[in-house]
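Coordinates in review
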Amino acid sequence: MATKEIAAYGFVSVSKDITDSIRKIIDKSSIKFVRGIKLDTKNGKTEDRILVLTTWRLYFLAPKIPAKVETTFNFLEIRALNSHPEHQVIIDTDKSSFTLRFESREHLNHVVSHINFALSRIFNNSIFAPSICHSDSDLSEGSRKYSPSSEASVETQRACGGFSETYAALCDYNGISCKEEVQWDVDTIYHSQDNREFNLLDFSHLESRDLAVIVASMAYNTWFTKLYCKDLRIGSEVTEQVLHTVSKSSSLEEITLENAGLKSDFPHKMSAALSENPASVIHSLNLAHNSLDNQGVSNLIQQVCRLSKGLRLLNLSKTSLTSKGVVSLSQALCSSDEYSNSLLHLDLSKNPGVLSGEDASNLYLFLSQPNCLVHLDLSGTDCSVDSLFGALLRGCCADLSFLNLSKNSFSHRKVKDTLPLFRQFFSSAFSLTHVSLASMKLPPDVLRAVLTGLTSNPHINDLHLDISGCELRSAGAAVIQELFPRVSSIGTLDISDNGLDADLLTVLPALSRHPSLKHLHLGKNFNIKNRVLDEVLQKLVQLIQEEECALQTLSLTDSRLRSRGTVLVNALGSNTCLRKVDLSGNNMDDIGAKMLSKALQINTTLRSVTWDRNNTSAAGFLDVARALEHNFTLQYMPLPVSDISQAYRSAPERTEQALTKIQRSLVRNNQTQRFSQRQALRLHQGLVTSTAEQVMERLCVRVQQQVCILRGVGEMEEIQAAKQVLKEARNSRALYPSLCELAHVLSVDGPVRQRLDSLAGELAKAADKELQVIVDSMVSLCRELCPLSSSAAEQLSPTLSSVSERVSIPRSAIRTALMERAAQDIHRALEEVKLSVVSYLTNSIVDQILQELYATHKTLTRQVSHLKRWEGTCEDGTGWRFNRHRDSLDITDEELGTSIDTIAIKKHSSRTRRIRPVSTRLSLCDDSSSSPPPSVPSYSSPLSRSASWEGLSELPTQGLPLHHVTRVRPRPPRRHKGGHIPTETHCSENGGISPLDDGLPDFYTKRVLPDRDFRHA
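Residues numbered from 1 in each chain as written. Predicted model: local features only at pLDDT ≥ 70, side-chain atom pairs only at ≥ 80, totals over all residues. Heavy atoms only, no water.

1. Considerations on the environment of Leu-451
Topologically, Leu-451 is positioned in helix α15 (residues 444-455). Once the C-alpha coordinates of Leu-451 and Ile-490 are considered, the two residues, 39 residues apart in sequence, prove to be 9.6 Å apart. (Helix = DSSP H or I, 4+ residues; strand = E, 2+ residues; numbered from the N terminus.)

Structure representation (structure tokens):
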């Protein structure tokens, strides 16, 4: 039944039974404040209620057992909070108003401060945070200790700008469950990678409502500067929160909503949202692959122009733009000089017909004005290319780096008049790095003008020129043969799919000995007869075998070379210039794979090989796998998905065995590549609060409250000691990142880098010297931040001062690093040792502070108990105040979450990271608890190694064709049935496939002479 204890002034005293009953219905870990209050009712009466404050919510309960919640609301529902005399406060929410009276001014200040503090953590002190709290007088000193800016407050380091706290508060406000996996991913993955781009694809498996809350959490977040969503259809709930975030965020700079299923009125709404946010710093908009309203886009562009940073990136690719939309867009771009000074990236591609008429002159007008465009993509807009270069010459010569005009056309009547413009633009451009004129019929005169202009341009180098699919044929080949040897600015040339065919015999010599050409694409140019194809391939072999050849990449994709392409593959063995080859789509069969395996065994320069759509069976993959066992330089070989799918149907076990070997070899060859040490430091530090840190936070809060109680008694020695311990506890939160930063700063230009060319012994001494300086500096920083704890830690074994004497870089690691990759490996070894030192120093200090905090808490608890008994003996009856305050200050091991005595501090577990929570969707599946499938055992191949495999003969290096001496001999007729397919076949090097057991049954069953011959004998 109900139990009440009426104290002085008639306020309800919260007994232990009521507290236990409250903890059964409200999570006790989230309870921050429990007090009896007076609540005014609608009929003018005052009733007793129990007020409970949790992290993000307020509860009113009747003082009964069992406890029952009568009213509750989230702090975000509060619209006004006004305090009045007589310890009264009025709380106005969206739905109702509540008038409360507290027992003391201190209780009122505590509630107001807690609500203010919670809201400040939700809104991150944003200028858009609501000002809800008003007081008839200044807050007392006792309430300021809960303020987030107070020196006495203890606030943990918040990962990613406190995103997880804002997300938890909004989940509570919207009545949905808080997904721990979202908090874990942000606090751990995003923070460890220092990632400021929030990618909605990371949470695409969640419901639309969950995504909406995630986006809403970014509205007041100052960590994230980019919002990214591509190929994910977002609903109206998410779209509304994106607009809300745009209207409130003061840190969001880039928005990418590509192929997100936006409605046509989205630009209108976004323009209105931006008009409400004068503090917005958005400068990049990517709304590609969404059907948008043209006038809305124009309004949005004008609105972005008014922002402080202007518009830097605009991507409207495939957004259903029309010619009228381009007119309004061009007028918006020309309306202000801000665009000429800020717009760097403009993409209007994949909007067919948008630049085909006279309306395109408006855009040309903007391009002709002096601007700072760096990236311009007008591909697939039906733009008249020859009419465009006049505008580009006047306005885009200085900064334009990327120009894509593919899939457009030329107005052939005006080509001759505009040829000087082509030549002048390509001779005057200062910054060009990529030009694409692909997939259009390129007149030979235009190609001549382009190459002539590049010949006289001294400003650019390493240009990527893409003229693939331009129907060059013989006329274009003649231009390339004549002018290309004089062009020194092209580093990448793509002339694939141009019908060159036999004209390659004249084009390839023009490409040889070219000092600047590093990457060459020749695919889809080999539709010629076998005899001519052999000559072309010989020319290509001679090209890559030239001693002065600078080629690093060669692509022959989809050229259908068949078995004749093995001549080129064979030449790769002795090649010393190529780093990357792409031979996909050539149908070379298993003989091509065998030649590739032979080449890989002796080649030491290739880093990447792309091999697919070559009709390679499991036997061919096994040849490549065996070759890679002896190749230690190839690092990248994409999975040949097409050939794998075919080979897996006929021989799944052998195919899987070959792929496993290939992947194992590639992983071995890439073992020296590791992620950055900065990321390792972040991951090692761990962003999830450890048990020791949680205990320290709770102890600090309790000790601070005890100090406030005992402050009126006098400045005792114990109080001074407690203040010092609290100060060191605050400083210890900055200990780990400060030590890491100190270690990084001191190793940027240490003695090691100056002695890399010395002997291994001298280099090891220098590394030890650098490490000693760093460790001594770390110890000094520990003594500066936490002097008392450091002095106490000196009594430990081993002492802090002796750390520098006990750490050193292993000599073997130094020697290995010196012989292989000195700078990278030595730096990694230093970082590992420094990381262990940082962990040891931090753990030692934190452990010592925890022990001192617990001892201080026990000492102050006894002081408060003595004060309580002394006040109880007073006759004036004022002792009740400390009794009630003491009830809220009692602390047990259960409330701390663990026993301090058993914490005793475990060195290796103080920074252990929690295991990532299981995804919500996965946890709902019926088969979520099923065990993972067993690993597939590897089966050894039954094929025996041939003699050619054991003794690899030297491959020809002069590019001479291989001739089969017995090729013209007639073959004996096959004896087996036509429908029988032998299980084991042998592939000869000339491309023929013959069964290994061909003729064996007849050999043992047939006689050399008939039986009748024996009888006659």
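Structure shown, so let's carry the discussion forward.
2. Examining the nonpolar core
Phe-163, Phe-198, Leu-367, Phe-425, Ile-467, Leu-493 and Leu-522 are the most contacted members of the largest nonpolar core, which has 201 residues in total. Residues Val-695, Met-696, Cys-786 and Leu-835 belong to the second largest nonpolar core, which totals 47 residues. (Core = buried A, V, L, I, M, F, W, Y, C linked by side-chain atoms within 4.5 Å. Buried < 20%, exposed > 50% of the residue type's maximum accessible area, 1.4 Å probe, protein only.)

3. Points about the environment of Val-446
By the element assignment, Val-446 lies in helix α15. Its relative accessible area of 0% is what places Val-446 among the buried residues.

4. Section: helix α22 (residues 641-650)
Three or four residues apart is the spacing at which side chains of an α-helix point the same way, because the helix has 3.6 residues per turn. Buried within α22 we find Asp-643, Ile-644 and Ala-647. One side of α22 carries all its buried residues, which in axial view fall inside an arc of 100°. With respect to the buried face of α22, the exposed residues turned more than 90 degrees away are Val-641 and Arg-649. Its buried side turned inward, α22 meets α21 (618-628) and α23 (652-669). (Arc of directions from axis to C-beta. Contact = heavy atoms within 4.5 Å.)

5. Points about the environment of Arg-668
Looking at the secondary structure, you find Arg-668 in helix α23. Exposure remark for Arg-668: the relative accessible area of 27% places this residue in the partly exposed category. For the pair Arg-668 and Leu-634, spaced 34 residues apart in sequence, the C-alpha to C-alpha distance is 9.9 Å. If near-sequence neighbours (up to four positions away) are discounted, Arg-668 is found in contact with Leu-628, Glu-629, Asn-631 and Phe-632. One polar contact links the side chain of Arg-668 to the main-chain carbonyl oxygen of Leu-628, over a distance of 2.9 Å. (Polar contact = N/O pair within 3.5 Å; in protein donor to acceptor, adjacent residues only side chain to side chain.)

6. Examining the packing of helix α4 (residues 163-174) against helix α5 (residues 180-192)
Relative to each other, α4 and α5 sit at 165°, their axes nearing to 9 Å. Taken together, the axes of α4 and α5 are roughly antiparallel relative to one another. Here α4 runs over α5; the crossing is right-handed. Residues Phe-163, Ser-164, Tyr-167 and Ala-168 of α4 pack against Val-182, Gln-183, Val-186 and Asp-187 of α5. Grouping the amino acids of the contact of α4 with α5 by side-chain chemistry returns five nonpolar, two polar and one charged. (Axes fitted to C-alpha atoms, helices over the stretch in contact; angles between N-to-C directions. Parallel < 35°, antiparallel > 145°, perpendicular 65-115°, else oblique. Left-handed = near helix turned anticlockwise from the far one by under 90°. Nonpolar A, V, L, I, M, F, W, Y, C, P; charged D, E, K, R; others polar.)

7. Some thoughts on the packing of aromatic side chains
Overall, the coordinates contain 16 aromatic pairs when judged by the stated rule. Both rings, one in Phe-163 and one in Phe-224, keep their centres 5.8 Å apart while their planes meet at 80°; by these two values the pair is edge-to-face. Placement of the pair is Phe-163 in helix α4 and Phe-224 in the loop between α6 (208-216) and β10 (226-230), with a sequence separation of 61 residues. There is no split in this pair, since Phe-163 and Phe-224 are both buried. Taken together, a centroid distance of 5.3 Å and an interplanar angle of 75° make the contact between Phe-389 and Phe-425 edge-to-face. Taken together, the residues Phe-389 in helix α13 (residues 385-395) and Phe-425 in helix α14 (residues 415-428) connect sequence positions 36 residues apart. For Phe-389, a relative accessible area of 0% gives the class buried. Residue classification places Phe-425 among the buried residues on the basis of a relative accessible area of 0%. Aromatic rings pair up to connect Phe-163, Tyr-167, Tyr-190, Phe-198, Phe-203 and Phe-224 into one cluster. The ring of Phe-11 has Lys-38 sitting right over it, with the charged end atom 5.8 Å from the ring centre. The cationic tip of Arg-196 hangs over the ring face of Trp-223; the distance from NZ or CZ to the ring centre is 3.6 Å. (Phe/Tyr/Trp six-rings, centres within 6.5 Å; stacked < 30°, edge-to-face > 60°. Lys NZ or Arg CZ within 6 Å of the ring centre and 35° of its normal.)

The values are spatial; any link to function lies outside them.
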